[in-house]
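# Structural overview for review
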Amino acid sequence: MLEIKNLVVQIEDKRILNGLNLTVNKGEVAAIMGPNGSGKSTLSYVIAGKEDYEVLDGEILLDGQNLLEMEPDQRAAAGVFLAFQYPLEIPGVASMTFLKATLNAQRKARGQEELTTPDFIKRVNAAATQLEIPKDMLKRALNVGFSGGEKKRMEILQMALLQPGFCILDETDSGLDIDALRIVSEGVNALRSPDRAFLVITHYQRLLNHIVPDTVHVMHAGRIVKTGGKELALELEANGYADYRESEAA
Amino acid sequence: MADVTLMKTPAETALVQAFESARTTLPGNGESRAQAFEQFNSRGLPHRRVEEFKYTDLRALMREVAPFAGVPSFDEAKAALANAKALAGVEALQVPFVNGHFVRDAVDFHALPENIEIVPLAEALANGHEWLSRLSPVQWANDNPVYQLNTSFMADGVMIRVAGPVETPIHLRFVTAASSAVATATRVLVVVEAGASVTLLETHESTDGANHQPNDVVEMIAADRTNVQHVRVNAEGDKALALSTLVARIGGEAVFNSINVTAGSATSRHQVFALLDGENTNLRVNGATMLKGSQHGDSTLIVEHGAPHCESRELFKTVIDNEATGVFQGKIIVPHHAQKTDGRMMSAALLLEEGGSMNNKPELEIFADDVQCAHGATCGQLDEDLLFYLMARGLPKKEAESLLVQAFLGEALEFVENETVRESLVGTVEGWLKARS
């Protein structure tokens, strides 16, 4: 589904990704773990299409389409969804207005009919109930005054509505208490399907107890340095990233 | 020092001539007109070395003076009003003015809503109506050359008395329909009696392609415990030089909200002179301005806290596209006796392209020692991170920009209580954005 080959990326002359290779198959949940500054968030932004990054080499293919040639909105229409580490507050944009605009924009881009308002509201309510999002939260401006946990739930709500093919969760566990972590994880697990792949970026093994990955990749200095099954996450939790730092130094 | 002879510009000379010929035909005894014109004429059109007009140089902007418009026939007036669209969908008591003249045949004086009285101004001036003494309720306006010109030339308007709560909004519709450039000077006085409440809508529209010069004044005297919701829309034609003034004297324990939404005119200047004249009053003055091309839009206000324990909030949002120019000049005055004043003024501008410019001049003049006052001014671009967030959710760039501009202006609009009106204003913003993309 997603294929990244020899990706080299820099920002303001600083090399962040150094020939990264990664494949995520349809239906797979892949976790990326790595120390601070290893390039995890950069990878997620580059897949989603943030402008600040300069791609020097390599390619990112989603179902064979070259994402690097597409604008962020086209990538979204192609199925990419990035759940932000820090979802942005947009004062003055009502959450419902935002949800409807994004949903219809993607439907339009895919040549589908726009949703009617009752149909739209039905879908939002169903997703909101599952994520334990109170209705009055949806009446407020997008993410404004939301707690950390509420913001993350709002991200998963968008994911549930947009039904993307390839979901990136960028440190979705940061800032979540135990209950919120459970709710968010359940929301993600409900979306797991043979047609959908996930890239779960995290520092900690904790999230992976809830969202159990098929594969775990260790990222260090802009590269995937080790790949294994879910037991690799436990190993990292026990030993830390020191081994990889040393191997880099050597 | 040698005597200095002031050189008059052609426009200033034309104004003198216009006043000389008009003073005998305009209604009323002419004393206050003559006085106002003399004050105006002693200084002439304000220019960039006059502090209050530094960013809106009327001497340079008003090269010619358009002839004052005559009274339209009722058929002409009806046709003009049929074409006027601003806030047209809002159910309201319509008080229309076409080419600066009150269309009295469009108002059924026998079926006015309860608590409303309307007196045509031309008639009132001609027969010396007792309410005339209540005109010009705030001194700051009298010293202002734009206001002085309106006083000099005011040909018509209305005086409205609101004696109690009024549910139906009053809609003042100013429409200029002439195909060639005309000038208008309309004056409206609204007296809101103690305990009364009213929503006052004001829309200004004119034909595109003509250098119209409207100079309209709406003044309000809101007594104690009143609630006034005022919404003004500038949808003037694309060549208009639109000058306007809101004058408000507000009593104690009152609530007064005013917003001006500007999308029209080649050049516009909206002035607000508000005096808080009683304790525990709450004032909000907002602005939402959308400028593109080479448009110039000026919002200037003076809020005087003339009594203690009042709160005022001013929020002005300006969106500037292309090479347009925005101006904000706001001053909060707190005299020594106005203790416990709480005033906050903010002007924020969003520049969508490189060529635009914004001039922000917030001022505080505080003589009391126990007050809370703050002001702020910002100029910036659309936030790249927010744009990326929206695009990453599938919105094309233009749509993402539009949503953010709407959100930016929306902050100034959200205080409009009447839902139909607020939605109509949002529609104005959407229309402006659509025309952009």
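Small disclaimer: the values here were computed from a predicted structure and weren't measured.

Per-chain confidence: chain A averages 92 in pLDDT, with 98% of residues scoring 70 or above. Between the elements of chain A, mean pLDDT differs from a low of 65, seen in helix α10 (residues 242-249) of chain A, to a high of 97, seen in strand β6 (residues 80-83) of chain A.

For the rest of this paragraph, the subject is the interface of chain B and chain A. Listed per partner, the contact involves 16 residues of chain B and 32 residues of chain A. Around 1,900 Å² of area is buried between chain B and chain A when both sides are counted, 70% of it from carbon and sulfur atoms. Taken as a group, B:F388, B:Y389 and B:R393 account for 41% of the area that chain B buries against chain A, more than any other trio of residues on that side. Counting every contact that joins chain B to chain A gives two salt bridges. Close ionic contact of B:R393 with A:E155 constitutes a salt bridge, the shortest N to O distance being 2.6 Å. Taken together, chain B and chain A are joined by seven residue pairs in polar contact (both at pLDDT 80 or more). Those elements giving two or more residues to the side of chain B that touches chain A turn out to be α8 (384-392) and α9 (397-413) of chain B. It is α8(B) that contributes the most residues to the side of chain B that touches chain A, eight residues altogether. Class assignment of the residues belonging to the side of chain B that touches chain A gives a composition of 11 nonpolar, one polar and four charged.

So, on to the sheet that holds strand β4 (residues 156-162) of chain B. All names here are of chain B. Here nine strands make up an open sheet; going across it, the order is β3-β4-β6-β8-β10-β12-β14-β16-β18 and the pairing mixed. Both edges of this open sheet fall to β3 (116-120) and β18 (357-366), since each of them pairs with a single strand only. Taken pair by pair, the neighbouring strands of this sheet meet at an average axis angle of 10°, ignoring direction. Strand direction decides the pairing type here: strand β8 (residues 213-222) and strand β10 (residues 241-250), joined by eight bridges, are parallel. Each residue of the ladder has a partner; that of A222, found in β10, is I250. Helix-sheet contacts for helix α7 (residues 145-153) involve β6 (183-192), β8, β10 and β12 (267-276), and the interaxial angle to β8 is about 95°.

Looking now at the pairing of β3(B). All names here are of chain B. Here β3 lies mainly inside the structure; four of its five residues are buried. Bridge count between β3 and β4: five bridges; the pairing is antiparallel. Looking at the pairing, I116 lines up with V162 of β4.

Below, the discussion takes up the packing of aromatic side chains. Considering all chains together, one arrives at 15 aromatic pairs over all chains under this definition. Relative to B:Y389, the ring of A:F98 has its centre 6.1 Å away and its plane inclined at 0°; by these criteria the two rings are stacked. Here the residue A:F98 occupies a position in helix α3 (residues 95-109), and B:Y389 occupies one in helix α8, the pair thus bridging two chains. For the pair A:F98 and B:Y389, one class covers both residues: buried. Plain terms: the ring middles of B:F19 and B:F153 are 5.7 Å apart, the flat faces sit at 85° to each other, and that makes the pair edge-to-face. Taken as a pair, B:F19 in helix α1 (residues 10-22) and B:F153 in helix α7 lie far apart in primary sequence, 134 residues in all. Using a relative accessible area of 2% as the deciding quantity, one classes B:F19 as buried. Through successive ring pairs, a cluster of aromatic residues spans A:Y45, A:Y53, A:F84, A:F98, B:F388 and B:Y389. When the ring centre of B:F415 is taken as origin, the NZ or CZ atom of B:R284, which lies over that ring, is 3.5 Å away. The ring of B:F408 is capped by B:K317, whose NZ or CZ atom sits 4.3 Å from the centre of that ring.

What counts, and at which threshold
Residues numbered from 1 in each chain as written. Chains lettered and ligands numbered in written order. Predicted model: local features only at pLDDT ≥ 70, side-chain atom pairs only at ≥ 80, totals over all residues. Heavy atoms only, no water. pLDDT = per-residue confidence, 0-100. Helix = DSSP H or I, 4+ residues; strand = E, 2+ residues; numbered from the N terminus. Contact = heavy atoms within 4.5 Å. Buried area = accessible area lost by both parts, 1.4 Å probe. Salt bridge = Lys/Arg side-chain N within 4 Å of Asp/Glu carboxyl O. Polar contact = N/O pair within 3.5 Å; in protein donor to acceptor, adjacent residues only side chain to side chain. Nonpolar A, V, L, I, M, F, W, Y, C, P; charged D, E, K, R; others polar. Pairing = 2+ DSSP bridges. Axes fitted to C-alpha atoms, helices over the stretch in contact; angles between N-to-C directions. Buried < 20%, exposed > 50% of the residue type's maximum accessible area, 1.4 Å probe, protein only. Phe/Tyr/Trp six-rings, centres within 6.5 Å; stacked < 30°, edge-to-face > 60°. Lys NZ or Arg CZ within 6 Å of the ring centre and 35° of its normal.

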